[in-house]
Amino acid sequence: MYFLRHPLPQTDCAAHMSGIGVFGVGSPFGDDRIGWEAIRAAQELGFAQRHGLQRLEACDRPGTHLLALLQGLDSAIVIDAMHSGAPPGTLRRLDGAELGGLHATNSTHGFGLAYTLSLGKMLAALPPRLVLYGVEISAASPQDGLSDAVAQAIPQLLQAIARELGEVYIM
C-alpha cells in the first residue's frame with residue numbers, strides 16, 4: 001500500500017533515453033557531401049516533424065564528437081559516404097554485428113566513423129538501435145556538388161530511412 005501512495009522515484013536513466021536522431025556525416029568535398037545533402041533533402045521534406053525526430057543534423061567530420069550527438073537517443077541512423085568497390089550511388093545498410101565489421105577503408109573519414117563506432121561500443125555509449133546507411137562514392141574530390149550517380153541515390157536513401165523510421169515506431 002505504501003508504494004501505491006509513494007511510488008519509487010524516477011531514475012535519471014529514463015530521462016536520458018528518448019528520441020530518434022538522423023545524422024548525415026560528411027565533408028565539403030564532392031560526393032563526400034552525401035550525408036549533408038541527404039539531411040538537407042530530409043529537412044526540406046519535413047522529416048523531423050513527420051517522423052517525430054529529436055535530431056536531424058548534418059555533421060562535418062565529427063570524429064568522436066558523434067558519440068556526444070548520439071548520447072541519450074533510443075535509436076539513431078547515420079548516413080555517410082563509403083568505398084567498398086560497388087558502383088557509385090549504391091546504398092548499403094549496416095546494423096548490429098555488421099557495424100562491428102566496419103573498417104576504416106569503408107569510410108571516407110579515415111579512422112573517423114569506424115573508430116568512433118568501435119569506441120562507442122566498447123564504452124557502451126551507442127544507442128540501443130543504431131543503423132548506418134552508406135552511399136558508395138567513387139572518390140571525395142574538391143568539386144562543389146555531388147556526382148549524378150550519388151545525387152540520384154538520395155530519393156531511394158530517404159525512402160529507406162522513412163521505412164526504417166516506421167519500423168522504429170512499431171517496436
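These numbers come from a predicted model, not from an experiment. (Residues numbered from 1 in each chain as written. Predicted model: local features only at pLDDT ≥ 70, side-chain atom pairs only at ≥ 80, totals over all residues. Heavy atoms only, no water.)

## Regarding the environment of His65
Then, number 1: The residue His65 is located in helix 5 (residues 65–70) in this model.
Then, number 2: For the pair formed by His65 and Gly112, sequence separation is 47 residues and the distance between their alpha carbons is 9.9 Å. (Helix = DSSP H or I, 4+ residues; strand = E, 2+ residues; numbered from the N terminus.)

## Looking at helix 3 (residues 34–44)
Then, number 1: The buried fraction of helix 3 amounts to eight of the eleven residues, a majority that puts the element mostly inside the structure.
Then, number 2: Residues of helix 3 that are buried include every one of Ile34, Gly35, Trp36, Glu37, Ala38, Ile39, Ala41 and Ala42, and no others.
Then, number 3: Of the residues trailing helix 3, Gly46 is marked for its positive phi of about 75 degrees. (Buried < 20%, exposed > 50% of the residue type's maximum accessible area, 1.4 Å probe, protein only.)

## Some details on the pattern of salt bridges
Then, number 1: Per the stated rule, a full pass over the model turns up eight salt bridges.
Then, number 2: Residue Arg33 is joined to Glu37 by a salt bridge in which the shortest nitrogen-to-oxygen separation is 2.8 Å.
Then, number 3: Residue Asp60 pairs with Arg61 through a salt bridge whose shortest N-O separation is 2.6 Å.
Then, number 4: When its relative accessible area of 44% is taken as the criterion, Asp60 is described as partly exposed.
Then, number 5: A cluster of three or more residues bridged by salt bridges with shared partners is formed by Arg33, Glu37, Arg40 and Glu44. (Salt bridge = Lys/Arg side-chain N within 4 Å of Asp/Glu carboxyl O.)

## Section: the confidence of the model for the protein chain
Then, number 1: Summarising the model, the protein chain shows a mean pLDDT of 82, and 78% of its residues fall at 70 or more.
Then, number 2: Across residues 1–17 the pLDDT falls below 50, and counting only partners more than four positions away or on other chains, this stretch makes seven contacts in the model.
Then, number 3: Note on residues 105–111: pLDDT is under 50 here. Beyond four places in sequence and across chains, it has 24 contacts. (pLDDT = per-residue confidence, 0-100. Contact = heavy atoms within 4.5 Å.)

## Details of the side chain of Asp31
Then, number 1: When you line up the elements, Asp31 lands in the loop between strand 1 (20–26) and helix 3.
Then, number 2: Of the buried charged residues, Asp31 lacks a salt bridge, with Arg33 as the closest side chain of opposite charge at 8.5 Å.
Then, number 3: A distance of 2.6 Å separates a polar side-chain atom of Asp31 from the backbone nitrogen of Ser147.
Then, number 4: Beyond its immediate stretch of four places on either side in the chain, Asp31 contacts Ala81, Ile137, Ser138, Ala139, Gln143, Gly145, Leu146, Ser147 and Val150. (Lys, Arg positive; Asp, Glu negative; His and termini not counted. Polar contact = N/O pair within 3.5 Å; in protein donor to acceptor, adjacent residues only side chain to side chain.)

## Here's the deal with the pairing of strand 5 (residues 129–136)
Then, number 1: In terms of residue burial, strand 5 counts as a mostly covered element, since eight of its eight residues are buried.
Then, number 2: Of the two faces of strand 5, the one carrying Arg129, Val131, Tyr133 and Val135 and the one carrying Leu130, Leu132, Gly134 and Glu136 are both buried.
Then, number 3: Looking at chain direction, strand 3 (residues 75–82) and strand 5 are connected through eight bridges and run parallel. Across the sheet, the residue bridging to Ser75 is Arg129, located in strand 5.
Then, number 4: Looking at chain direction, strand 4 (residues 91–95) and strand 5 are connected through five bridges and run antiparallel. Across the sheet, the residue bridging to Arg93 is Tyr133, located in strand 5. (Pairing = 2+ DSSP bridges.)

## Looking at the sheet that holds strand 1
Then, number 1: Taken together, five strands build an open sheet; the order of strands is 2-1-3-5-4 and the sheet is mixed. Only two strands of the sheet have a single partner each, and these edge strands are strand 2 (55–60) and strand 4. When strand polarity is set aside, the average angle formed by the axes of neighbouring strands in this sheet is 20 degrees. (Axes fitted to C-alpha atoms, helices over the stretch in contact; angles between N-to-C directions.)

## Notes on the nonpolar core
Then, number 1: Counting residues in each nonpolar core, the largest one holds 26 residues, and the members touching the most others are Val22, Phe47, Ile161 and Leu165.
Then, number 2: Taken together, the elements giving at least two residues each to this core come down to strand 1, helix 3, strand 3, strand 5 and helix 9 (154–170).
Then, number 3: Per-element accounting of this core gives the leading share, six residues, to helix 9.
Then, number 4: When sequence neighbours within four positions are dropped, the list of residues in contact with Ile161 reads Phe47, Ile77, Ile79 and Tyr133.
Then, number 5: Among the nonpolar cores identified, the runner-up in size contains 15 residues, and Phe23, Leu66, Leu73 and Val78 belong to it. (Core = buried A, V, L, I, M, F, W, Y, C linked by side-chain atoms within 4.5 Å.)

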